[in-house]
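# Understanding the architecture of this molecule
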Amino acid sequence: MTTILRQPPGTQGPERSTGPDPLGERTGSPVVVSHVHYSANDGRQIIEDVTLTVAPGELVAIVGASGAGKSTLLDLMGGNICPSDGLVRIGGSDASDMAEDERRRVGFVHQLDILPEDLPLRRMLRYAARLRLPGRSTRRAVDESVDRVLAQVELSHVHDTPVRSLSGGQRR
């Protein structure tokens, strides 16, 4: 069994925040999963009739036992694999038909750490940004993107800290 835990945009923990949204006004497109089923090549039903909508900026945790289909659901939501039945839409478009650069707007954190632990956080993020941003991005654009992300996740104060010294939550 897989459980989906939600934290709506602009909230901190189980109660609504009384202050302004620390990330500013959120924009983007919802991810809509509608009656999705997914079967493995051998016929095993891995995902069965999942329906959910994730709003822009909403924090969602998908938790469950090993083999419950969490990673498969994320792959479906990101358009990396196609459902056997049902629809996955990002901003109204079928996720599996979207171009790679469109699918990059959907972010999720994998369960495994694959971070270069000896690098300081900011340098590691620069490296990741150069891999993800268009090849024509200037160094200044990369640095601005990294600074913006650090501020959004409230980690600017640890930008020089080696990744190995960050907490598990900070790594994610």
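Everything in this summary refers to the structure shown in the same document. No experiment lies behind these values; they were computed from the predicted model shown.

### Points about the overall build of the chain
Scanning the chain from terminus to terminus reveals five helices and eight strands. Order of helices (α) and strands (β) in the chain, N terminus to C terminus: β-β-β-β-β-β-α-β-β-α-α-α-α. Per-residue burial over the chain gives 24% buried out of 172 residues. Nonlocal contacts in the chain, meaning residues at least 24 apart in sequence, comprise 57% of its contacts between residues at least 6 apart. Per element, the accessible surface of the chain, about 11,300 Å² overall, is 50% carbon and sulfur.

### Quick notes on the sheet that holds strand 4 (residues 31–39)
Judged by pairing direction, the sheet is antiparallel, and its four strands sit side by side in the order 5-4-7-8 without closing on themselves. Edge positions in the sheet fall to strand 5 (45–54) and strand 8 (93–94), since each has one partner strand and no second. In this sheet, strand 5 lies alongside strand 4 in antiparallel orientation, the contact comprising six bridges. Across the sheet, residue V33 finds its bridge partner in strand 5, namely L52. Along the sheet, helix 1 (residues 70–77) contacts strand 4, strand 5 and strand 7 (85–90); its crossing angle with strand 5, the most-contacted strand, is approximately 55°.

### So, helix 1
If you check which residues of helix 1 are buried, you get K70, T72, L73, L76 and M77. The buried residues of helix 1 occupy an angular sector of 165° when the element is viewed end-on, so they sit on one face. With its phi angle positive at about 75°, G79 sits one or two positions after the end of helix 1.

### Regarding the pattern of salt bridges
Under the definition given, this model contains six salt bridges. Between E144 and R140 there is a salt bridge, with the nearest N and O atoms lying 3.0 Å from each other. Of this pair, E144 and R140 are both found in helix 4 (residues 139–152), four residues apart, which corresponds to roughly one turn of the helix. Since its relative accessible area comes to 41%, E144 is described here as partly exposed. One network of salt bridges, in which partners are shared, links R122, R126, D143 and D147.

Cut-off values and rules
- Residues numbered from 1 in each chain as written.
- Predicted model: local features only at pLDDT ≥ 70, side-chain atom pairs only at ≥ 80, totals over all residues.
- Heavy atoms only, no water.
- Helix = DSSP H or I, 4+ residues; strand = E, 2+ residues; numbered from the N terminus.
- Buried < 20%, exposed > 50% of the residue type's maximum accessible area, 1.4 Å probe, protein only.
- Contact = heavy atoms within 4.5 Å.
- Areas by Shrake-Rupley, 256 points an atom, 1.4 Å probe, with all protein chains shown as cover.
- Pairing = 2+ DSSP bridges.
- Axes fitted to C-alpha atoms, helices over the stretch in contact; angles between N-to-C directions.
- Arc of directions from axis to C-beta.
- Salt bridge = Lys/Arg side-chain N within 4 Å of Asp/Glu carboxyl O.

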